[in-house]
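Structural overview
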Amino acid sequence: MHIFGVIIWLGGLLFESAISVPIAQAEGEPADSLANKIHTRFVAFVWMSVWTIAVTGIIMMLLNPQFHWFTFQTQWQRLLGFKQLTFILMLFYAFGYARMLSYLNAPSSNDGTDENTTLVRQRLSQFRKINIALGITALLLAAGM
Ligand code: HEM
């Protein structure tokens, strides 16, 4: 379940960055608003993955004999600590991403031409790329555990 949550989250972000966004940018409207709908629907899956990763991660952590509360003496403990920090950072960007998407979906930003909307689209793309990089970092940390 833990890895399944990671596959959904990271896989979805990669799909958005490598497939739906480039197509929307190349095709313009109505592909653009369709991509927005796809990304908005994916937000619910992100939260589902977040809970799945957190709950299964905590259970595995508590059941693992290598885990001792707030000690980072062994490599496993340090890697887990860094992975949890990475996860929290990913949560921050996922939250910001969802807020910006709901701004873009708000009637007030429909024209999509104003400066603000363009800036929000750029920030969305930045936050998505940052979360992909953080996700890959967490995977590498997990591989080291
Ligand atoms: C996006 C963030 C995360 C990613 C990509 C991730 C990825 C992984 C992967 C791929 C494994 C399997 C490693 C293996 O079988 O060799 C794993 C195991 C594990 N993860 Fe995560 N994880 C994440 C977040 C978390 C969080 C937040 C926690 C704790 C609260 C956690 C705790 C654990 C534990 C305890 C294990 C088992 C390690 C072991 O058996 O030695 N993970 N994780």
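Just above, that's the structure.
Read on for a plain summary of the structure. It should be emphasised that the depicted structure is a prediction, and the values quoted were computed from it without experimental measurement. (Residues numbered from 1 in each chain as written. Predicted model: local features only at pLDDT ≥ 70, side-chain atom pairs only at ≥ 80, totals over all residues. Heavy atoms only, no water.)

**Describing the environment of Arg121**
Here Arg121 is to be found in helix α4 (residues 115-144). Given a relative accessible area of 29%, Arg121 falls into the partly exposed group. Measuring from C-alpha to C-alpha, the distance between Arg121 and Leu104 comes to 8.2 Å, with 17 residues separating the pair along the chain. (Helix = DSSP H or I, 4+ residues; strand = E, 2+ residues; numbered from the N terminus. Buried < 20%, exposed > 50% of the residue type's maximum accessible area, 1.4 Å probe, protein only.)

**Focus: empty space enclosed by the protein**
A complete count under the given rule lists 1 cavity of 30 Å³ or more for this structure. A volume near 90 Å³ is recorded for the largest cavity. Lining the largest cavity, in full, are Trp9, Leu13, Phe42, Val43, Val46, Trp47, Ala94, Tyr97, Ala98, Phe127, Arg128 and Asn131. Going through the elements one at a time, α1 (2-27), α2 (31-63), α3 (75-105) and α4 are the ones with two or more residues in the lining of the largest cavity. Ranked by residues supplied to the lining of the largest cavity, first place goes to α2 with 4 residues. Residue composition of the lining of the largest cavity, by class: 10 nonpolar, 1 polar and 1 charged. (1 Å grid on protein atoms, 1.4 Å probe; cavity = no way out; pocket = protein on both sides within 12 Å on 5 of 7 lines; lining within 4 Å. Points joined across faces, edges and corners; volume = space filled by probe spheres on them. Nonpolar A, V, L, I, M, F, W, Y, C, P; charged D, E, K, R; others polar.)

**Some points on the packing of aromatic side chains**
Geometrically, a pair of aromatic rings is defined through the distance of the ring centres and the angle of the planes. All chains considered together, the criterion is met by 4 aromatic pairs. Here Phe67 and Trp69 contribute two aromatic rings whose centre-to-centre distance is 5.1 Å and whose plane-to-plane angle is 75°, an arrangement assigned as edge-to-face. Exposure remark for Phe67: the relative accessible area of 16% places this residue in the buried category. Look at Trp69 and you get exposed, because its relative accessible area is 56%. Geometrically, the ring pair formed by Tyr93 and Phe127 is edge-to-face, given 4.9 Å between the ring centres and 90° between the ring planes. In this pair, Tyr93 sits in helix α3 while Phe127 sits in helix α4, placing the two residues 34 residues apart along the sequence. (Phe/Tyr/Trp six-rings, centres within 6.5 Å; stacked < 30°, edge-to-face > 60°.)

**Some words on the site of the ligand**
In the vicinity of the ligand there are 19 residues, among which His2, Met61, Trp76, Lys83 and Gln84 approach most closely. Trp76 places a polar side-chain atom, nitrogen or oxygen, 2.8 Å from an oxygen atom of the ligand. Contact distances for the ligand include 2.5 Å between a nitrogen atom and a side-chain N or O atom of Lys83. When atom positions are compared with the pocket grids, the ligand is found to occupy the largest pocket. Sort the elements by how many residues they give to the shell around the ligand and α3 lands first, with 6 residues. (Near = heavy atom within 4 Å. Polar contact = N/O pair within 3.5 Å; in protein donor to acceptor, adjacent residues only side chain to side chain. Sits in = over half its atoms within 2 Å of the grid points.)

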